[in-house]
Amino acid sequence: MRWFVIFSGLLMSVTFFLVVIIRYGFNGDLFAYEEWLLTACFWGFFAGAALASERGHHINADILGIIITSPKLRWWRRLVVLTIEFLITAAILYWGYLMLAEELAKYPIWKTTPALKIPYFAWRLSIFLGFFFMTVFSGAFLYAHITGKEVELGDDADTKEMNNEEEAGQ
């Protein structure tokens, strides 16, 4: 996943640089770059989302993780958050499956881009796979939390600091 994110980020940067140089420096145009770049963007974006989910670094607005200091309440809060996350990603994964199934049912008359004829299936597959991995990772974190396995998530940094402060205060 990291390589998808790195490659798509580099590809976007180089492409936009070349577009500016070709357009304003040479009064030309890079043919249909929007179409193939959009494909790279979709794959990079959803690989990045899955990567963030794998490492627990996705964006959240969970202020309760900072406010709640009781270990028992923190455990229950984490259970609720992980359960909601798993259910939402699973629902979106199901909708992604329906989207792919609908697209596959239309074969061989797939909807394609105008110039390069890139099938929309390429973008929809990236959405499905991104949510597949996000669902797998959130399910794994939920399972690990329920079974009591130590898993360090991105938002757990405050937990270590709180535990160190509690131990120092005792």
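One structure accompanies this document, and this report is about it. (Residues numbered from 1 in each chain as written. Predicted model: local features only at pLDDT ≥ 70, side-chain atom pairs only at ≥ 80, totals over all residues. Heavy atoms only, no water.)

**As for helix 2 (residues 33-55)**
Compared with the 33 Å implied by 1.5 Å per residue over 23 residues, the 32 Å span of helix 2 between its first and last C-alpha is a close match. Every buried residue belonging to helix 2 is among Y33, E35, L37, T39, A40, G44, F46, A47, A50, L51, A52 and S53, and all of these are buried. In this structure, the buried side of helix 2 is in contact with helix 1 (2-26), helix 4 (71-105) and helix 5 (121-147). Looking one or two residues past helix 2, G56 carries a phi angle of roughly 70 degrees, positive in sign. (Helix = DSSP H or I, 4+ residues; strand = E, 2+ residues; numbered from the N terminus. Expected span 1.5 Å × (residues − 1). Buried < 20%, exposed > 50% of the residue type's maximum accessible area, 1.4 Å probe, protein only. Contact = heavy atoms within 4.5 Å.)

**Things to note about the pattern of salt bridges**
For the structure shown, the criterion picks out four salt bridges. Taking the shortest distance from any N to any O, the salt bridge between R55 and E54 comes out at 3.9 Å. In this structure, E102 engages K106 in a salt bridge whose closest nitrogen and oxygen atoms are separated by 3.8 Å. The class of E102 is partly exposed, set by a relative accessible area of 46%. (Salt bridge = Lys/Arg side-chain N within 4 Å of Asp/Glu carboxyl O.)

**A look at the nonpolar core**
Of all hydrophobic cores here, the largest spans nine residues; its members are F46, A50, L93, L100, F121, I127, F128, F131 and M134. At the level of secondary structure, the elements contributing two or more residues to this core comprise helix 2, helix 4 and helix 5. Residue contributions to this core peak at five residues, all from helix 5. Dropping the residues within four chain positions of it, A50 is found in contact with M1, G130, F133, M134 and F137. (Core = buried A, V, L, I, M, F, W, Y, C linked by side-chain atoms within 4.5 Å.)

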